[in-house]
Amino acid sequence: MTALVNHAAVATCNLLLITSLCAQSGESPDYLEGRVKRIVGDSTVTVSYQSPAVAGREIWGATLPFGSNWKVGGDRVTTIRFEENVRINGNEIPGGTYGLYVHLKANDDWQLVFTRDLTAQSGAFNESDDVLRIALRPEDAPFRERLKLGLEEVSRRKPFGAELGLHWGRKRVSLRIR
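Now for a quick tour of the structure.

The rules behind these values
In this numbering scheme, every chain counts its residues from 1 along its sequence in written order. Where totals are concerned, whole chains, interfaces and linings use all residues; where local detail is concerned, this predicted model gives features only for residues with pLDDT of at least 70, and gives and counts side-chain atom pairs only at 80 or more. For the side-chain quantities, the full set of heavy atoms in the structure was used; hydrogens and water were omitted. Runs of E in the DSSP output that reach at least two residues are strands. Runs of H or I that reach at least four are helices, and both are numbered from the N terminus. For each residue, the accessible area found with a 1.4 Å probe, counting protein chains only, is set against the maximum for its type, and the residue is called buried under 20%, exposed over 50%, and partly exposed in between. Only heavy atoms matter for contacts: two residues are in contact if any of them lie within 4.5 Å across the pair. Per-residue and other accessible areas were derived by the Shrake-Rupley procedure at a 1.4 Å probe size, with only the shown protein chains allowed to occlude residues. Here a Phe, Tyr or Trp ring, Trp counted by its six-membered ring, pairs with any other such ring whose centre lies within 6.5 Å, and the pair is stacked when the planes are under 30 degrees apart, edge-to-face when over 60, and tilted otherwise. The definition of a polar contact used here is a pair of N or O atoms within 3.5 Å, where within protein one atom must be able to donate a hydrogen and the other to accept one, and adjacent residues in sequence count solely through side-chain atom pairs. Among buried residues, those of type Ala, Val, Leu, Ile, Met, Phe, Trp, Tyr and Cys that are joined through side-chain atoms within 4.5 Å constitute a nonpolar core. In this analysis, strands are considered paired if DSSP registers two or more bridges between them.

1. Considering the overall build of the chain
Argument step 1. Looking only at helices and strands, one finds 1 helix and 11 strands in the chain.
Argument step 2. In the chain, the order of α-helices and β-strands from amino to carboxyl end is α-β-β-β-β-β-β-β-β-β-β-β.
Argument step 3. For the chain, with 178 residues in total, the buried portion stands at 44%.
Argument step 4. Partitioning the contacts of the chain with sequence separation of at least 6, the portion at a separation of at least 24 is 53%.
Argument step 5. For the chain, the accessible surface area stands at approximately 9,900 Å², while carbon and sulfur atoms represent 51% of it.

In structure tokens:
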């Protein structure tokens, strides 16, 4: 019994410590901070985001209803920074920092949106701030508890490029950056 009480006390102290550290850093204990920085050709691409957990919820079509905008990640707008002009799935986008959100039209019809608005709250984005919208068809994927954004398949030879991937729950999308 004493061991059980000690384990419970340690677990409670750990939870309080994590919550305290998260509060001091401004991070929600529900979201982990994510940052990916890769050199693609002669340019650096940086993605900063929060990584929520599925936590037993039905995500696609329930927690994130179809017909809505999803501010990718957690409480803050996910950002992507390009040092130079790039092409994304063949569409040119000027170098700079952009917010990312997904318009979830339907289970198999999403739009990844690059926006100038880096402050949007609650998924309330103004289409006039959109720089680029890319139609995506999500794929079924192995279950992933926490949201992951990644820059993968970085080519070291011309034409330089990388895959920007988003994977959460049982869905994954990717697009090509050159």
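2. Details of unusual backbone geometry
Argument step 1. The amide bond that connects Lys158 to the next residue, Pro159, takes the cis arrangement and shows omega of -5 degrees.
Argument step 2. Structurally, the position occupied by Pro159 is in the loop between β10 (139-152) and β11 (162-177).
Argument step 3. One non-glycine residue, Ala55, lies in positive phi territory at about 50 degrees.
Argument step 4. With respect to the secondary-structure elements, Ala55 resides in the loop between β2 (43-52) and β3 (68-71).

3. A word on the packing of aromatic side chains
Argument step 1. Scanning the model with the defined rule gives 7 aromatic pairs in all.
Argument step 2. Look at Trp60 and Trp168: their rings are 6.0 Å apart centre to centre, the planes differ by 90 degrees, and that puts the pair in the edge-to-face class. Placement of the pair is Trp60 in the loop between β2 and β3 and Trp168 in strand β11, with a sequence separation of 108 residues. For the pair Trp60 and Trp168, one class covers both residues: buried.
Argument step 3. Grouping aromatic residues by their ring pairs yields a cluster made of Trp60, Trp70, Trp110 and Trp168.

4. Regarding the side chain of Arg176
Argument step 1. Tracing the backbone through its elements, the reader meets Arg176 in strand β11.
Argument step 2. Since its relative accessible area comes to 18%, Arg176 is described here as buried.
Argument step 3. Within the local environment of Arg176, its side chain forms a polar contact with the backbone oxygen of Glu153, the two atoms lying 3.5 Å apart.
Argument step 4. A polar atom in the side chain of Arg176 sits 3.4 Å from the side chain of Glu163.
Argument step 5. In this structure, Arg176 is in contact with Arg87, Ile88, Asn89, Glu153, Ser155, Gly161, Ala162 and Glu163, ignoring residues within four places of it in sequence.

5. Details of the nonpolar core
Argument step 1. The biggest cluster of nonpolar side chains holds 37 residues, and the ones touching the most others in it are Trp70, Ile80, Phe82, Ile88 and Phe114.
Argument step 2. Ranked by residue count, the leading element in this core is β11, at 7 residues.
Argument step 3. The residues contacting Ile80, other than those within four sequence positions of it, are Val45, Thr46, Val47, Gly96, Thr97, Tyr98, Leu100, Phe114 and Leu164.
Argument step 4. One finds Val77, Val113, Ala120 and Phe125 within the second-largest nonpolar core, a separate group that totals 5 residues.

6. A look at the pairing of strand β7 (residues 96-106)
Argument step 1. Sheet analysis places β3 next to β7, joined by 4 bridges and oriented antiparallel. Bridge pairing in β7 places Lys71 opposite Tyr101.
Argument step 2. In the sheet, strand β4 (residues 78-82) pairs with β7 via 5 bridges, with the strands oriented antiparallel. The residue of β7 that forms the bridge with Phe82 is Gly96.
Argument step 3. As defined by bridge partners, β7 adjoins strand β8 (residues 109-115) across 7 bridges and the pair is classed as antiparallel. When the bridges of β8 are listed, Val102 appears paired with Leu112.

7. A word on the environment of Leu151
Argument step 1. Along the chain, Leu151 turns up in strand β10.
Argument step 2. In contact with Leu151, not counting residues within four places along its chain, are Val36, Arg38, Val45, Val47, Glu163, Leu164 and Ile177.

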